[in-house]
Amino acid sequence: PTPVHEDSLAQTDLSAYAALICPGGGGLNLTPENREALLGYVKGGGGYVGICGGLCSALQCGLLEAEKYRFNVRGPVWVKLKEHPVTAGYDLSRMVLFPHASGPLMVPKGEGQETIGTFDVGGEPLPEFTHTLARRLGQGRVVGFSGHPEGSADTRPMLRNAVLWTAKITDPPTQPLP
């Protein structure tokens, strides 16, 4: 598909896309009009996958809701996965070594979000920090990764699963969402 530039979201027929992927590298610099276009696209049934900076963009425009904390770690980090269509095919009893490039630690807030991956940062008294967050928002779906699933053969299937889930190719809705 034709790439969509962040400056033209409000002028683009986003309904032509089943899902948008926003990679790392700082995220999107969204005007209020483009922020509303992205939010409307997802609430209207579109999918969004945010990776690292793309996750930060999802938090900034309300696609996901979480307190975020700086985590300036570059290199692999251990992530514990939870059952979800995005983690299909993974052994949930084992942690996954996930490529990371300074994505944030998160503590989700708000309704309708599901933590599907958590950082192993040392346990008590630290809270369980979220690495991967999923949400059904209106008729759409959002997945945000703090790390870079595209950066390793071991985690790349998770990116594929996220795209398929947000595009409603896997786990299609059985009834309209509120």
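How each quantity is defined
Residues numbered from 1 in each chain as written. Predicted model: local features only at pLDDT ≥ 70, side-chain atom pairs only at ≥ 80, totals over all residues. Heavy atoms only, no water. Helix = DSSP H or I, 4+ residues; strand = E, 2+ residues; numbered from the N terminus. Buried < 20%, exposed > 50% of the residue type's maximum accessible area, 1.4 Å probe, protein only. Phe/Tyr/Trp six-rings, centres within 6.5 Å; stacked < 30°, edge-to-face > 60°. Salt bridge = Lys/Arg side-chain N within 4 Å of Asp/Glu carboxyl O. Core = buried A, V, L, I, M, F, W, Y, C linked by side-chain atoms within 4.5 Å. Contact = heavy atoms within 4.5 Å. Pairing = 2+ DSSP bridges. Right-handed = clockwise from strand over helix to strand, strands pointing away. Expected span 1.5 Å × (residues − 1). Arc of directions from axis to C-beta.

Engineer: Account for the environment of leucine 81, with residues named and values stated.
Structural biologist: Along the chain, leucine 81 falls in strand E4 (residues 77-81). A residue is classified by how much of its surface remains accessible, and leucine 81, at 3% relative accessible area, is buried. In this structure the C-alpha to C-alpha distance between leucine 81 and serine 93, which are twelve residues apart in sequence, comes to 8.2 Å.

Engineer: I'd like a description of the packing of aromatic side chains, backed by residues and values.
Structural biologist: With the rule as written, the count across this model stands at three aromatic pairs. When the ring of tyrosine 69 is compared with that of phenylalanine 129, the centres are 5.9 Å apart and the planes differ by 70°; the resulting orientation is edge-to-face. Taken together, the positions of tyrosine 69 in strand E3 (residues 66-69) and phenylalanine 129 in the loop between strand E7 (113-119) and strand E8 (130-137) put the pair 60 residues apart, joining distant regions of the chain. Judged by relative accessible area, which is 39%, tyrosine 69 ranks as partly exposed.

Engineer: Go over the pattern of salt bridges with me, naming the residues and quoting the values.
Structural biologist: If you walk through the whole model with that rule in mind, you get two salt bridges. Residues arginine 135 and glutamate 65 are paired through a salt bridge, measuring 2.7 Å at the closest nitrogen-oxygen approach. Taken as a pair, arginine 135 in strand E8 and glutamate 65 in the loop between helix H2 (53-60) and E3 lie far apart in primary sequence, 70 residues in all. Owing to a relative accessible area of 29%, glutamate 65 belongs among the partly exposed residues under this scheme.

Engineer: Outline the environment of proline 157, listing residues and values.
Structural biologist: With respect to the helices and strands, the residue proline 157 is situated in helix H3 (residues 156-166). By relative accessible area, proline 157 is classed as partly exposed at 25%. Taking the C-alpha atoms as reference points, proline 157 and tyrosine 90, separated by 67 residues in sequence, lie 9.1 Å from one another.

Engineer: Describe the nonpolar core, naming the residues involved and giving the relevant values.
Structural biologist: Residues Leu38, Tyr41, Val42, Tyr48, Leu63 and Leu64 are the most contacted members of the largest nonpolar core, which totals 23 residues. Counting residues in hydrophobic clusters, the runner-up holds 22 residues, among them Val77, Ile116, Ala134 and Val143.

Engineer: Lay out the side chain of serine 146 with the relevant residues and their values.
Structural biologist: Examined against the element boundaries, serine 146 turns out to sit in the loop between strand E9 (140-145) and H3. Apart from residues no more than four positions distant in its own chain, serine 146 is found in contact with Cys52, Leu55, His100, Gly103, Pro104, Phe119 and His131.

Engineer: Tell me what's going on with the pairing of strand E2 (residues 47-51), and back it up with residues and numbers.
Structural biologist: The element E2 is extensively covered by neighbouring structure, given that five of its five residues are classed as buried. When strand E1 (residues 19-22) meets E2, the two strands line up parallel, connected through four bridges. Note on E2: the bridge partner recorded for leucine 20 is tyrosine 48. The handedness of the E1 to E2 crossover, carried by helix H1 (residues 32-43), is right-handed.

Engineer: Help me get a handle on H1, residues and values and all.
Structural biologist: Each α-helix turn comprises 3.6 residues. Residues three or four places apart therefore point the same way. Taking 1.5 Å as the rise per residue, H1 with twelve residues should run 16 Å; its terminal C-alpha atoms sit 16 Å apart, in good agreement. The complete set of buried residues in H1 reads Asn34, Ala37, Leu38, Leu39, Tyr41 and Val42. For H1, the secondary structure elements touched by its buried residues are E1, E2, E8 and E9. In the stretch just after H1, glycine 45 is the one whose phi turns positive, near 130°.

Engineer: So, H3: which residues are in play, and what are the values?
Structural biologist: Restricting attention to buried positions, one finds in H3 the residues Met158, Leu159, Asn161, Ala162, Trp165 and Thr166. Buried residues of H3, viewed axially, fall in a sector of 160°; they line one side. On its buried face, H3 is in contact with E1, E2, E4, strand E5 (96-98), E8 and E9. Positive backbone phi, approximately 65°, marks lysine 168, located one or two places after H3.

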